[in-house]
Amino acid sequence: MDLRESQRSQNKSAARHPWELARFEVLYSLIKKYVPQIPGKTNIVFDIGCGDAFFIENLAERLPNSRFVAIDSAFDDDMVEMYNNKLGQTNIQAFNSLEKATQNNIDKTDIVLLLDVIEHIADDISFLKSLRANPVITDNTLFVITAPAFQALFCSRDRFLGHKRRYNNRQLKNSIEQAGLKEISSGYFFFSLLPLRLLQVFIEKMIPGGTGSDKGIGNWKGNRIRDVILKNLLITDFKIASFLRSKRFNPAGLSNFMICQRSVS
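Residues numbered from 1 in each chain as written. Predicted model: local features only at pLDDT ≥ 70, side-chain atom pairs only at ≥ 80, totals over all residues. Heavy atoms only, no water.

A tally of regular secondary structure across the protein chain gives 10 helices and seven strands. A buried classification covers 51% of the 265 residues belonging to the protein chain. Look at the contacts in the protein chain between residues 6 or more apart in sequence, and 79% of them connect residues 24 or more apart. Carbon and sulfur atoms make up 54% of the accessible area of the protein chain, which amounts to about 13,400 Å² in all. (Helix = DSSP H or I, 4+ residues; strand = E, 2+ residues; numbered from the N terminus. Buried < 20%, exposed > 50% of the residue type's maximum accessible area, 1.4 Å probe, protein only. Contact = heavy atoms within 4.5 Å. Areas by Shrake-Rupley, 256 points an atom, 1.4 Å probe, with all protein chains shown as cover.)

Written out as structure tokens, the structure reads:
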């Protein structure tokens, strides 16, 4: 969850949104597919823009032999201390800048997670270039990038989260290539959510303020049965889209993903 959503949440014990739970399973399946599983090897994973650390905590449970670095520029010193105390018995360290993280990490990183991050950055290409040049990045480092899809779907939720833009796959590929990265795989996920977002955008255009103030997913009121059903529907959505991509058809979705590495040319 984005820290802005977490901090605005009125219910600190609010349930996790099915979208967030399903997204974790989607991205975990991509990581398993593209990251070599070498017996005895400890993978180093940087989660840049980690938010409230939900994703990296769950990934650490699935990959107990790996080491994780959680980074978010929105962390103040108290939050860094809080997260490190919370995660102190795990294989995760928290920092509020990449510079501090790399000063404390002498190993090269195997995976860099940029999950719904670059849409917040005014100059996304310069950011990716600087990351590509960081000493912990190698030609074998795998970047896993997600971003919201299609600028035409920009709405109150994007403004609430501080998004600068949304991407289609072509635009996302153009950004990574200008930054000196090369695509390994890309696509969209959660096509079933497109009609809901299209409806929201239509209502906002026709009736300004008609959808109310978007506070994100932080105050989701959970229902166990409903949430399991919605989560599984979204996971099925991704599996269908993956099958269609294998047949050379790339269905649209509410989010992009891009798997890439540093270009050596």
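Back to the write-up after that little detour.
Here we come to the nonpolar core. L59, F68, L113, V144 and F190 are the most contacted members of the largest nonpolar core, which has 44 residues in total. The greatest single-element share of this core, amounting to eight residues, is contributed by helix 2 (residues 18-34). Judged by nonpolar contacts, the second largest core, of 27 residues, contains I44, I71, V112 and L172. (Core = buried A, V, L, I, M, F, W, Y, C linked by side-chain atoms within 4.5 Å.)

Another point: helix 8 (residues 169-178). Along helix 8, the residues classified as buried are N169, L172, S175 and I176. Angularly, the buried residues of helix 8 cover 125° about the axis, an arc narrow enough to put them on a single face. Tucked into the core, helix 8 has its buried residues touching helix 6 (124-132), strand 5 (142-148), strand 6 (181-189) and strand 7 (255-262). Where helix 8 begins, the capping side chain belongs to N168, and its oxygen is found 3.1 Å from the backbone nitrogen of R170. (Arc of directions from axis to C-beta. Polar contact = N/O pair within 3.5 Å; in protein donor to acceptor, adjacent residues only side chain to side chain.)

Every α-helix carries 3.6 residues per turn, so stepping three or four residues along brings you back to the same face. The end-to-end C-alpha distance of helix 2, which contains 17 residues, comes to 25 Å, matching closely the 24 Å that a straight helix rising 1.5 Å per residue would cover. The set of residues buried in helix 2 consists of P18, W19, E20, A22, R23, F24, V26, L27, Y28, L30 and I31. Contact partners of the buried residues in helix 2: helix 3 (54-62), strand 4 (111-115), strand 5, strand 6, helix 10 (224-246) and strand 7. (Expected span 1.5 Å × (residues − 1).)

Pairing between the strands of a sheet comes from backbone hydrogen bonds, and it takes one of two forms, parallel or antiparallel. Strand order in the open sheet formed by seven strands is 3-2-1-4-5-7-6, with mixed pairing between adjacent strands. The strands lining the two open edges of the sheet, one partner per strand, are strand 3 (92-95) and strand 6. Pairs of neighbouring strands in the sheet enclose a mean axial angle of 15°, with direction left out of account. In this sheet, strand 5 lies alongside strand 4 in parallel orientation, the contact comprising five bridges. Across the sheet, the residue bridging to I111 is L142, located in strand 5. (Pairing = 2+ DSSP bridges. Axes fitted to C-alpha atoms, helices over the stretch in contact; angles between N-to-C directions.)

The side chains of a regular strand alternate between the sheet's two faces. For strand 2 (residues 67-71), a buried count of four out of five residues is recorded, marking the element as mostly surrounded by other parts of the structure. Alignment of strand 1 (residues 44-48) against strand 2, held across five bridges, turns out to be parallel. Looking across to strand 2, one finds that I48 is bridged to I71. Tracing the backbone out of strand 1, into helix 3 and back to the parallel element strand 2 gives a crossover that is right-handed. One ladder, built from four bridges, connects strand 2 with strand 3; its direction is parallel. Within strand 3, the position partnered with I71 by the bridge is F95. (Right-handed = clockwise from strand over helix to strand, strands pointing away.)

To continue, consider the packing of aromatic side chains. Under the criterion given, the structure shown has five aromatic pairs. Arranged with centres 4.8 Å apart and planes meeting at 80°, the rings of F189 and F190 form a pair that is edge-to-face. The class of F189 is buried, set by a relative accessible area of 1%. Pairwise contacts between aromatic rings join F24, Y28 and F55 into one cluster. (Phe/Tyr/Trp six-rings, centres within 6.5 Å; stacked < 30°, edge-to-face > 60°.)

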